[in-house]
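Geometric and topological summary
So the chains spell out like this:
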Amino acid sequence: MLAAQRGDVLAMSLLMDRLAPWLARICGGIALEHADDAAQETLVQVFRDLRDLREPEALRGWARRIAVRESVRHAQRAREQATRAGGDAAEVLRAPPGDLALAPDVRAVLAQLAPEQRAILVLRDLEGLSEEEAAAQLGVARGTVKSRLSRAREAFARRWPA
């Protein structure tokens, strides 16, 4: 990690190779078919700003925060474009699964949720973060995490095929 921060190309390459699959999984659960773009922008920002990371042990939390922010941004942009085009945002977001870790039926349900709801489900249920950690990642209060998670789980359950 320290060698990568100092600009060692091999160390940076190894670090990016290690982070890429994990970040892609986070982006896939939130940005859906825009996951590749969100993951790429996340890796670019990590690469660009790694030298400024003061606490190397905070790398994963810092990179996760970037991935969530980029994923939500891409998903919101897709939803806005779909709305402007007169389409149903859920239909536009529903795409063939690009991440084999998510079953197609789960992806279809996730596509119907707001990006913020997908983000909280990914952080709490897939990544296993605590409420405090998720709040820090999303830049919201702990109570917001609790209510957003509750609404997201309810919305997911309502849409899940019986």
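See above for the structure.
What counts, and where the lines are drawn
- Residues numbered from 1 in each chain as written.
- Predicted model: local features only at pLDDT ≥ 70, side-chain atom pairs only at ≥ 80, totals over all residues.
- Heavy atoms only, no water.
- Helix = DSSP H or I, 4+ residues; strand = E, 2+ residues; numbered from the N terminus.
- Contact = heavy atoms within 4.5 Å.
- Polar contact = N/O pair within 3.5 Å; in protein donor to acceptor, adjacent residues only side chain to side chain.
- Salt bridge = Lys/Arg side-chain N within 4 Å of Asp/Glu carboxyl O.
- Buried < 20%, exposed > 50% of the residue type's maximum accessible area, 1.4 Å probe, protein only.

Okay, the environment of Gln137 next. Within the secondary structure layout, Gln137 lies in helix H8 (residues 131-138). Sequence separation of Gln137 and Trp62 is 75 residues, and the distance between their C-alpha atoms is 8.3 Å. Ignoring any residue separated from it by four or fewer positions in sequence, one finds Gln137 in contact with Gly61, Arg64, Arg65, Leu123 and Leu129. Only 2.8 Å separates the side chain of Gln137 from the backbone nitrogen of Arg65, close enough to count as a polar contact.

A word on the pattern of salt bridges. Under the counting rule described, the total for this entry stands at eight salt bridges. Of the charged contacts in the structure, one is a salt bridge between Arg25 and Glu127, with a shortest N-O distance of 2.3 Å. Here Arg25, found in helix H2 (residues 9-31), pairs with Glu127, found in the loop between helix H7 (115-126) and H8; they are 102 residues apart in sequence, far enough to count as distant. The class of Arg25 is partly exposed, set by a relative accessible area of 37%. Ionic pairing is found between Glu132 and Arg142, a salt bridge with its closest N-O pair at 2.9 Å. In this pair, Glu132 is assigned in helix H8 and Arg142 in helix H9 (residues 142-159), connecting sequence segments 10 residues apart. Taking relative accessible area as the criterion, Glu132 reaches 45% and is therefore assigned partly exposed. By relative accessible area, Arg142 is classed as partly exposed at 43%.

It is worth stressing that arrangement in space is one thing and function is another; only the former is reported here.
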